[in-house]
Amino acid sequence: MKAMILAAGLGNRMRPLTLYKPKPLLEVGGKALIVWHIEKLKNIGVTEIIINSAWLADVLIGALGDGSQFGVNIRWTREDEGLETAGGIINALPLLGTEPFILVNGDVWTTFDFAALLDVKLGENLAHLVFVENPEQHPKGDFTLQNGRAYTFDQEKQGENLTFSGISIIDPKMFEDLEQGKRPLAPLLKQGMLDGKISAEKMSTAWVDVGTPERLTALDLQIRQGVYA
């Protein structure tokens, strides 16, 4: 199985930290955010990793290279301007191939065991999403989880409203017949839910959306204090 890490964002909410360093290279616990993901993927045997880049791409690519320093093979895509989530994936499809792949947002941190993703069988589904408890900054959540299925709020299911963690298994079929260009992933996921083709689970481990300098500092301190040991 291959994996893709989304790393092309501008990181505007993290400024001034991201003026000269791309957000995925910001460090917590003495290690770049994106390196935590690379090492977790390597540990479960996923060594073919595609990473998209846009903002400060040369800095990001220069730091990670071909992945050999981590024991993986990194292949890169470049975007002249950020293509958003789905646009970045569509641009990378020639490298991703036709089989389902692991998708991870480069700006989250988690103790979730990626090995669980290897056991996911999509079948007729287009995606399998990993949800988390709603964080303080996002109290209403994104979707509803009921009996292992993901639903939009419009579907009014009597389940648990949760937040998408940015970790998933995606079938490239989700992007069939879609043209390249700037395109978010959320509308495609919502359509998949309406079509009954999105499964999901809730993680019970630590997860942080490292979206502000304050959350970055707090997470760094928690890791160094052994809170997540």
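### Quick look at the overall build of the protein
Stage number 1. A count of helical and extended segments in the protein gives 5 helices and 13 strands.
Stage number 2. Here the protein has a C-alpha radius of gyration of 17 Å; the compact-globule value for 229 residues is 17 Å, and the two agree.
Stage number 3. With the C-alpha coordinates of the protein rotated into their principal frame, the extents come out at 45 × 40 × 30 Å.
Stage number 4. Within the structure as shown, the protein displays about 10900 Å² of accessible surface, and the carbon and sulfur contribution to it stands at 48%.
Stage number 5. Put simply, the protein has 22 plus and 29 minus side-chain charges, and the middle of one group is 2 Å from the middle of the other.

### Observations concerning the pattern of salt bridges
Stage number 1. Summed over the entire model, instances satisfying the criterion amount to 8 salt bridges.
Stage number 2. A salt bridge links K31 to E39; the nearest nitrogen and oxygen atoms lie 2.8 Å apart.
Stage number 3. Residue D58 is joined to R78 by a salt bridge in which the shortest nitrogen-to-oxygen separation is 2.6 Å. Taken as a pair, D58 in helix α2 (residues 57-64) and R78 in strand β5 (residues 73-78) lie far apart in primary sequence, 20 residues in all.
Stage number 4. Given the relative accessible area of 55%, D58 is considered exposed.
Stage number 5. Looking at R78, the relative accessible area reads 52%, which means it is exposed.
Stage number 6. Via salt bridges that share partners, E133, E160 and K202 belong to a single interconnected network.

Parameters and conventions
Residues numbered from 1 in each chain as written. Predicted model: local features only at pLDDT ≥ 70, side-chain atom pairs only at ≥ 80, totals over all residues. Heavy atoms only, no water. Helix = DSSP H or I, 4+ residues; strand = E, 2+ residues; numbered from the N terminus. Rg over C-alpha atoms; globule rule 2.2 N^0.38 Å. Areas by Shrake-Rupley, 256 points an atom, 1.4 Å probe, with all protein chains shown as cover. Lys, Arg positive; Asp, Glu negative; His and termini not counted. Charge placed at Lys NZ, Arg CZ, Asp CG, Glu CD. Salt bridge = Lys/Arg side-chain N within 4 Å of Asp/Glu carboxyl O. Buried < 20%, exposed > 50% of the residue type's maximum accessible area, 1.4 Å probe, protein only.

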